[in-house]
Amino acid sequence: MLASGVSSDMARDKQECAAQLVHLSPCIPFVGGDGKAPPPTCCVNLRKDVDKTRRCLCMLVRDRDEPGLGFKLNATLALALPSICHAPANVSNCPALLHLDPNSPEAQVFEQFADP
């Protein structure tokens, strides 16, 4: 029963973020490691609705190794986007936003980006 609840939460999360991910598509070359800096449209879109965007960015990093993602994602570059784009998003809050156990390997990815 628990597994089906978790998978339905993930499906709902992905559905909620579908529009946000389209808006963040200009960021894909940068977070994939193919660009030296994110293009201006990436940063503008990231800052538009930073609360929703931050959650979706967290989800992308969490799901970065999922085969269905369709593109490669460098977690370090993706989590650096808010800082590079001057978007007020503390990515160290990702484990709480995604309801991850703070001691889980998934949560630890975000800890290295915690604000001092």
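Just above, that's the structure.
J.: What exactly am I supposed to notice about the state of the cysteines here?
T.: What makes a disulfide is a covalent bond joining the sulfur atoms belonging to two cysteines. Throughout the structure, instances matching the rule amount to 3 disulfides. A sulfur-sulfur separation of 2.0 Å characterises the disulfide bridge that pairs Cys 27 with Cys 42. Of note, the bridge from Cys 27 to Cys 42 carries an S-S torsion of about 105° and is right-handed in sense. Placement of Cys 27 in the loop between helix H1 (2-23) and helix H2 (28-31) and of Cys 42 in helix H3 (residues 40-48) is noted, with a sequence separation of 15 residues between them. One exposure class covers both Cys 27 and Cys 42, and it is buried. A sulfur-sulfur distance of 1.8 Å marks the disulfide that ties Cys 58 to Cys 94. Handedness here is read from the sign of the S-S torsion; for Cys 58 and Cys 94, about -65°, the answer is left-handed. With Cys 58 in helix H4 (residues 50-62) and Cys 94 in helix H6 (residues 94-97), this residue pair connects regions lying 36 residues apart in the sequence.

J.: Just to check I follow, could you spell out the side chain of Asn 45 for this structure?
T.: Tracing the chain through its elements places Asn 45 in helix H3. According to the relative accessible area criterion, Asn 45 is buried, its value standing at 13%. With residues up to four places along the chain from it excluded, the contact list for Asn 45 reads His 23, Leu 24, Pro 26 and Thr 53.

J.: Explanation requested: the nonpolar core in the structure shown.
T.: Within soluble globular proteins, side chains that are nonpolar generally end up buried alongside one another. Residues Val 61, Leu 81 and Phe 110 are the most contacted members of the largest nonpolar core, which totals 30 residues. Contributing elements (two or more residues each) for this core: H2, H3, H4, helix H5 (75-84) and helix H7 (105-111). In terms of residue count, H4 provides more of this core than any other element does, 7 residues in total. Those residues in contact with Leu 81 that sit more than four places away from it in its chain are Cys 27, Phe 30, Val 31, Pro 38, Cys 42, Leu 46 and Leu 57.

Parameters at a glance
Residues numbered from 1 in each chain as written. Predicted model: local features only at pLDDT ≥ 70, side-chain atom pairs only at ≥ 80, totals over all residues. Heavy atoms only, no water. Disulfide = S-S within 2.5 Å. Helix = DSSP H or I, 4+ residues; strand = E, 2+ residues; numbered from the N terminus. Buried < 20%, exposed > 50% of the residue type's maximum accessible area, 1.4 Å probe, protein only. Contact = heavy atoms within 4.5 Å. Core = buried A, V, L, I, M, F, W, Y, C linked by side-chain atoms within 4.5 Å.

By themselves, these are just geometric observations and shouldn't be taken as functional.
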